[in-house]
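Secondary and tertiary structure notes
Residues per chain are reported as follows:
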Amino acid sequence: MIRRLVVLGAATIAVLAVVAAGRIVPQEPVAAAPYDGEVTPAAQPVACPGPVEIPVGDIDSGDPDLGSGSDERTYQELGDGTEPVGAGFLAASDAAASVERIGSGDVAGLSAAACVAPVRDQWLVGGSTALGSSARLVLTNPSDASTEATVTLYGGLGELEEHAVVSIAPGGQQDLLLESVVAEVPALAVRVVATGAGVVAHLQDSRLDGFQPAGTDWVGRGAAPAARLVVPGVGAPEDATTTLRLMAPDGATVNLTLAGDDGLVEWGGVSGLVLEPGVVTEVEVPTIASGAVEIRADAPVVAAAMRSVPRPVVDGPADAVERDLTWLPAQDVSDRTARSVMVTDHVVAVTVHATVAGEFTLTDASGAVVASQEMAARSTATLPLEAAAGTLLTGTARFTWSLALEDEPGFVSTLVPRRTDVESTPVTVGLRPYLGPGS
């Protein structure tokens, strides 16, 4: 044993001597060139939140003396390959949607929701936790892995200290009443950041004016913070009101423009509007029959508009007024891809905004033209639409648009189209030396 050790030591000395003499040159490792490519995620099913609820309980179990529930209720879900998840549903099709009509009670009105795919970071601009209002956040996890969502809220004083962390099981759904997190915040913006494959977020905004319903609708996912946005479909009857809600995460100076069917409309006092970081700001929009709000900022903002439509009270005081409301999320002007939406019952028109001149066309799955309009730059149009429920519609790229829903007696809602392509993520893969733990 001792002899072998001596021999091995001599061999090692000999190798070192050869290297020192320059007869064997140590080779430097060859560094592999970095790989630049794209990763395309697997297509995820789209998800819808399900029926609206009275915040204190099931819609059919409200106090009958106060008339909170309603027997006049129809709920429709549309999409291919649907399956239940929580109170909502998943769909394997490119687009899916739901619409609910409730004829009376606390949440009377039309409430439509476009189903969307899960993402890890999303913004919902809308909702209120002021007295008489409820904001019910519905989080759906279509994936096969559990996820955790962090909910950050913004109001008129900026980002709120109160946050919520919600765990959602695989193929599960969770509700969160935002009034249980923060109370008396009249204007909200909500950010949801999730782990894993992400979640689908919808916000039920329900309001009462005393004992009279003041509207219910789903607040859908809006555009990510961007410097150029458009909110189409802000046109309303003369007795309706439209309110634009804005928030800049890092602060911004914003210029607002109102576009109509015949071009730009005068709107004073909205040039150089300063948005403090994280502060939710609301601006009343002038009454216009058909229009869109153009938003130009020097830093990214999020935005949406709420249209509130009054109607006479059938059973109540003579001077009482009931209302329905609809939320119109802002759309990113720089997104030049085609978008699609599923038609539901009660769709009556498509509202369009043209950033540049061109022809807008709306086609069904067979390619047949359902609606078209030649449009001037920075103009809008409301085109009557007759399409059967379940029809998949795709609009021309470069235009921002949405579907308007209406029904008697003054019920309104909106369906916003979504991208149906799967976005690829650029990646760079390279090698580096291992420097040990903590490197």
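The structure contained in this document is the topic of the report that follows. (Residues numbered from 1 in each chain as written. Predicted model: local features only at pLDDT ≥ 70, side-chain atom pairs only at ≥ 80, totals over all residues. Heavy atoms only, no water.)

**A closer look at the overall build of the protein chain**
Put simply, the test is: Starting at the N terminus, helices and strands are each numbered in turn, a helix being any DSSP run of H or I of at least four residues and a strand any DSSP run of E of at least two. Accessibility here uses a 1.4 Å probe with only protein chains present; expressed as a share of the type maximum, an area under 20% marks a residue as buried, one over 50% as exposed, and anything in between as partly exposed. Whether two residues are in contact is decided by their heavy atoms, any of which lying within 4.5 Å being enough. Method for areas: the Shrake-Rupley scheme with a 1.4 Å probe, in which residue coverage is limited to the protein chains shown.
Check the secondary structure of the protein chain and you find 1 helix and 34 strands. Scored against the burial criterion, the 439 residues of the protein chain give a buried share of 49%. Partitioning the intrachain contacts of the protein chain with sequence separation of at least 6 by distance along the chain shows that 76% fall at a separation of at least 24. Summing over all exposed atoms, the protein chain offers an accessible surface of approximately 20,700 Å²; the carbon and sulfur share of this is 54%.

**Remarks on the pattern of salt bridges**
When the charged atoms of two side chains with opposite charge come close together, those side chains can pair. This is how it is decided: Salt bridge, as applied in this entry: a Lys or Arg side-chain nitrogen positioned within 4 Å of an Asp or Glu carboxyl oxygen.
Across all of its chains, the model carries 11 salt bridges by this definition. The partner of R311 in a salt bridge is E322, and the shortest N-O contact between them spans 3.4 Å. Within this pair, whereas R311 is found in strand β22 (residues 291-312), its partner E322 is found in strand β23 (residues 321-329), the two being separated by 11 residues in sequence. For the pair R311 and E322, a shared accessibility class is recorded, and that class is buried. Several salt bridges share partner residues, and in doing so they unite E53, R136 and D175 into one network.

**Here's the deal with unusual backbone geometry**
The residue after E408, namely P409, is reached through a cis peptide bond having omega 0°. Within the element layout of this structure, P409 appears in the loop between β31 (399-407) and β32 (411-415). If you check the backbone angles, R378 has positive phi at about 55° while not being a glycine. Its place among the elements puts R378 in the loop between β28 (369-375) and β29 (379-384). Residues other than glycine seldom take positive phi values, yet R398 does so here, at roughly 85°.

**Observations regarding the pairing of strand β14 (residues 200-209)**
Filter applied, for reference: One requirement defines pairing of two strands: DSSP has to find at least two bridges between them.
Counting buried residues along β14, 8 of its 10 residues qualify, which places the element largely inside the surrounding structure. For strand β9 (residues 133-141) and β14, the ladder comprises 8 bridges, and the chain directions are antiparallel. Counted as the bridge partner of V138 is H202 from β14. Note: β14 against strand β15 (residues 212-219), 7 bridges, orientation antiparallel.

**Observations concerning a positive patch on the surface**
Note the following rule: What makes a patch is a set of residues exposed beyond 30% relative accessible area and free of salt bridges, joined within 9 Å when like-charged and within 5 Å when nonpolar (Val, Leu, Ile, Met, Phe, Trp, Tyr). The charge count includes Lys and Arg as positive and Asp and Glu as negative, but it does not include His or the ends of the chains. A single reference atom marks each charge: NZ on Lys, CZ on Arg, CG on Asp, CD on Glu.
Judged by side-chain charge, R228, R296, R336 and R398 come together as a positively charged surface patch. Assignment of secondary structure puts R296 in strand β22. Under the relative-accessibility criterion, R296 is labelled partly exposed at 37%.

**Digging into the sheet that holds β15**
The following threshold applies: All axes are obtained by fitting lines to C-alpha atoms, using only the stretch in contact for helices, and the reported angles, taken between N-to-C directions, cover 0 to 180 degrees.
The strand order across the open sheet formed by 4 strands is β12-β9-β14-β15, and the pairing between neighbours is antiparallel. In the strand order of this sheet, the two ends are held by β12 (172-177) and β15, each with one partner. Taken pair by pair, the neighbouring strands of this sheet meet at an average axis angle of 15°, ignoring direction.

**Things to note about the nonpolar core**
Condition: Residue types Ala, Val, Leu, Ile, Met, Phe, Trp, Tyr and Cys, when buried and joined through side-chain atoms within 4.5 Å, form a set referred to as a nonpolar core.
Grouped together as the largest cluster of nonpolar side chains are 35 residues, with contacts concentrated most on L137, L139, V151, L178, V190, V192 and L203. Listed by contribution, the elements that provide at least two residues to this core are β8 (121-125), β9, β10 (147-155), β11 (158-168), β13 (189-194), β14, β22 and β23. Core analysis: the second largest hydrophobic core is formed by 29 residues, V99, A114, V343 and L405 among them.

**Concerning the environment of I54**
In this structure, I54 sits in the loop between β2 (46-48) and β3 (73-78). A relative accessible area of 3% means that I54 is categorised as buried.

**Quick notes on the state of the cysteines**
Put simply, the test is: In what follows, a disulfide is any cysteine sulfur pair within 2.5 Å.
The tally for this structure, following the rule as stated, stands at 1 disulfide. Across a sulfur-sulfur distance of 2.0 Å, C48 and C115 are joined as a disulfide pair. Looking down the S-S bond of the C48 and C115 bridge, the torsion is -110°, so its handedness is left-handed. With C48 in strand β2 and C115 in the loop between β7 (109-114) and β8, the pair connects residues that are 67 residues apart, well separated along the chain. We note that C48, like C115, is buried.

**Some words on the sheet that holds β32**
If you walk across this open sheet you meet the 4 strands as β29-β26-β31-β32, and the pairing is antiparallel. Pairing within the sheet leaves two strands with one partner each, and these edge strands are β29 and β32. Across the sheet, the axes of successive neighbouring strands diverge by a mean angle of 25°, strand direction being ignored. Of the strand pairs in this sheet, β31 and β32 are connected by 5 bridges, and their pairing is antiparallel. Residue E406 lies in a different strand from β32, and its bridge partner there is V412.

**Structural notes on the packing of aromatic side chains**
Put simply, the rule is: Ring geometry is summarised as follows: Phe, Tyr and Trp rings, the Trp one being its six-membered ring, pair when their centres sit within 6.5 Å, and such pairs are stacked at plane angles under 30 degrees, edge-to-face over 60 and tilted between the two.
Applying the stated rule across the entire model yields 3 aromatic pairs. When the centroid spacing of 5.4 Å and the interplanar angle of 65° are considered together, the rings of F360 and F399 count as edge-to-face. Here F360, found in strand β27 (residues 358-363), pairs with F399, found in strand β31; they are 39 residues apart in sequence, far enough to count as distant. Accessibility assignment for this pair places F360 and F399 in one class, buried. Both rings, one in F360 and one in W401, keep their centres 6.1 Å apart while their planes meet at 55°; by these two values the pair is tilted. One end of the pair, F360, is in strand β27; the other, W401, is in strand β31, with 41 residues separating them in the sequence. Owing to a relative accessible area of 0%, F360 belongs among the buried residues under this scheme. Cluster of aromatic residues (ring-pair linked, three or more members): F360, F399 and W401.

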